[in-house]
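The lines below spell out each chain.
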Amino acid sequence: MLEPLGFDQLTEVVYTAILEERETSVDGIAQSLKLAQETVAQTVDNLAKMQLIVENSLGRLAAVDPQLGLAAMLTNQHADLVRRQQDIERSRLAVATWLTRYSGDDSSPEPDAERILGRENIQSRLQRLESECESEVLSLSPVNSLPPTRIEESRPLYRQSLARGIRIRAVYLDSVRQDKPTMDHLRWLTAEGGQVRTIPSLPVRMLIVDRARALIPIANERCSDGALLLVNENVVTAMAALFLDVWRESTPIDTGHRGGEQTLTRQEIHVLRLWSQGLKDDAVARKMGLTSRTIRRISSDLMDKMGAKSRFMAGVLAVSQNWIDPHDSV
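Residues numbered from 1 in each chain as written. Predicted model: local features only at pLDDT ≥ 70, side-chain atom pairs only at ≥ 80, totals over all residues. Heavy atoms only, no water.

**A look at the overall build of the protein chain**
What the protein chain contains, in helices and strands, is 12 helices and 10 strands. Burial analysis of the protein chain (330 residues in total) assigns 40% to the buried set. Pairs at least 24 residues apart make up 68% of the contacts formed inside the protein chain by residues separated by at least 6 positions. When the accessible surface of the protein chain is split by element, carbon and sulfur atoms take 50% of a total near 18,200 Å². (Helix = DSSP H or I, 4+ residues; strand = E, 2+ residues; numbered from the N terminus. Buried < 20%, exposed > 50% of the residue type's maximum accessible area, 1.4 Å probe, protein only. Contact = heavy atoms within 4.5 Å. Areas by Shrake-Rupley, 256 points an atom, 1.4 Å probe, with all protein chains shown as cover.)

**Considering the pattern of salt bridges**
Counted by the stated rule, this structure contains 8 salt bridges. Note that Arg297 and Asp301 form a salt bridge whose closest N and O atoms lie 3.8 Å from each other. Residue Arg297 and its partner Asp301 are located together in helix 11 (residues 292-306), separated by 4 residues, close to a single helical turn. For Asp301, a relative accessible area of 37% puts it in the partly exposed group. Salt bridges here are not isolated pairs; linked through shared partners, they connect Arg128, Glu132 and Arg213. (Salt bridge = Lys/Arg side-chain N within 4 Å of Asp/Glu carboxyl O.)

**Here we look at the packing of aromatic side chains**
According to the stated counting rule, one finds 1 aromatic pair in the structure shown. Each ring, one from Phe243 and one from Trp247, has its centre 5.8 Å from the other, and the planes form 25°; the classification is stacked. Highlighted residues: Phe243 and Trp247, both in helix 8 (residues 233-249), separated by 4 residues, approximately one helical turn. Judged by relative accessible area, Trp247 falls into the buried class, the value being 7%. When the ring centre of Trp188 is taken as reference, the NZ or CZ atom of Arg155 above it lies at 4.5 Å. When the ring centre of Trp247 is taken as origin, the NZ or CZ atom of Arg169, which lies over that ring, is 5.3 Å away. (Phe/Tyr/Trp six-rings, centres within 6.5 Å; stacked < 30°, edge-to-face > 60°. Lys NZ or Arg CZ within 6 Å of the ring centre and 35° of its normal.)

**Re the sheet that holds strand 5 (residues 167-173)**
Reading across the sheet, the 8 strands line up as 3-9-8-7-4-5-6-10 and stay open at both edges, with mixed pairing between neighbours. Strands at the two margins of the open sheet, each flanked by one partner only, are strand 3 (113-116) and strand 10 (251-252). Strands strand 4 (136-141), strand 5, strand 6 (195-199), strand 7 (206-209), strand 8 (213-217), strand 9 (227-230) and strand 10 of the sheet are contacted by helix 8, whose axis makes an angle of about 65° with strand 5. (Pairing = 2+ DSSP bridges. Axes fitted to C-alpha atoms, helices over the stretch in contact; angles between N-to-C directions.)

**So, the nonpolar core**
Core analysis: the largest hydrophobic core is formed by 26 residues, its most contacted members being Tyr172, Leu186 and Leu215. Every element with two or more residues in this core is listed here: helix 5 (119-132), helix 6 (148-163), strand 5, helix 7 (180-192), strand 7 and strand 9. Here this core takes 4 residues from helix 7, the largest share from any one element. Excluding residues that lie within four positions of it along the chain, Leu186 makes contacts with Leu146, Tyr172, Val176, Val196 and Ile253. (Core = buried A, V, L, I, M, F, W, Y, C linked by side-chain atoms within 4.5 Å.)

**Points about the side chain of Asn232**
On the secondary structure map, Asn232 appears in the loop between strand 9 and helix 8. Relative accessible area serves as the criterion here: at 16%, Asn232 is assigned to the buried category. A polar atom in the side chain of Asn232 sits 3.1 Å from the backbone nitrogen of Val235. (Polar contact = N/O pair within 3.5 Å; in protein donor to acceptor, adjacent residues only side chain to side chain.)

**Quick look at the confidence of the model for the protein chain**
When pLDDT is averaged along the protein chain, the result is 76; 72% of the residues meet or exceed 70. Below a pLDDT of 50 lies the segment residues 104-110, which in the model reaches 6 contacts outside its immediate sequence neighbourhood of four places, other chains included. Residue range residues 257-262 is modelled with pLDDT below 50. Its contacts to residues more than four positions away, or to other chains, number 9 contacts. (pLDDT = per-residue confidence, 0-100.)

**Concerning the side chain of Asp281**
For Asp281, the location among the structural elements is in helix 10 (residues 281-288). In this structure, Asp281 is in contact with Trp275, Ile295, Arg296, Ser299 and Arg311, ignoring residues within four places of it in sequence.

**Focus on unusual backbone geometry**
Phi is positive for Asp210, close to 55°, though the residue is something other than glycine. Relative to the helices and strands, Asp210 resides in the loop between strand 7 and strand 8. If you check the backbone angles, Arg211 has positive phi at about 55° while not being a glycine. Mapped onto the fold, Arg211 is located in the loop between strand 7 and strand 8. On the accessibility criterion, Arg211 (38% relative accessible area) is partly exposed.

**A few points about helix 9 (residues 266-276)**
For helix 9, the buried fraction is high: 9 of the 11 residues fall into the buried class. Within helix 9, burial applies to Arg266, Glu268, Ile269, His270, Val271, Leu272, Leu274, Trp275 and Ser276. Backbone geometry just downstream of helix 9 places Gly278 in the positive-phi region, at approximately 90°.

**Some points on the packing of helix 9 against helix 10**
Where helix 9 meets helix 10, the closest approach of the two axes is 10 Å, and the angle between their N-to-C directions is 125°. With respect to helix 10, the element helix 9 is oriented oblique. Our pair here, helix 9 against helix 10, has a crossing hand that is right-handed. Of the residues in helix 10, those touching helix 9 at Gln267, His270, Val271, Leu274 and Trp275 are Asp281, Val284, Lys287 and Met288. Residues that form the contact of helix 9 with helix 10 fall into these classes: 5 nonpolar, 2 polar and 2 charged. (Parallel < 35°, antiparallel > 145°, perpendicular 65-115°, else oblique. Left-handed = near helix turned anticlockwise from the far one by under 90°. Nonpolar A, V, L, I, M, F, W, Y, C, P; charged D, E, K, R; others polar.)

Structural data, given as structure tokens:
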């Protein structure tokens, strides 16, 4: 259960024994667990370095209050994750610099990327990409509803593509389930042969055609500002891998949200993940396509359900219950 905090099975067994005994010794633990004294001693040393146990001058062992000790470990892990997040942001900056260099200007486009400006030009290129598609269209759409005009314009294109045997897979935000016109359209698309899923939040808007070309907005929240058409093999392959990761975590449109036997809903677990990334309620709401009021309600219900007095303690409980993985923060 404590693997996310760096425990192996032996360490967890010894730590649990010390917690249960309240005050014991290396010899006592070795005898009760039927382990070699040297093995227990080494494990005890590791637990002491983690600041989870203390040993007095008589060699008696006692556990530090686990609520404090494990919380401190989670704090250290979070600090490590923040540093990793900073490394990722620097990588993103490098990628953005690369894209800017290779997108060039309209008069001299580079072969690996093309900048497309203006809503009409973007729409025209989208139609061309879909008409030239030979096998597959993958898309991520971080929206909570679709305008009626867009629904009407897209249906003939979808119908033509599906009639040609094109495989269409699309992922939207869970929040589209609250918009009836959008849900009617997505169910229509599914009935026609497309595959649609939803997920609490999406990293970026993108369209991938035949895993050879990818279209992404220059500004994710203002798609009409312009778009980049990418054809670099490595970049498009990485984006397709991102899509597949999202697809595996998403839920088919014709089923309810995953609940399983867990105490928390998938939506609540995703809120915990976004909290672990340091996002406040307003940012969580934007990422999930919900109102700030709805997120505040979910947050309040979540804290009550978990019995947590703070978001930090909610994070400790979430890791201990395997509801979230510390690595989800990056």
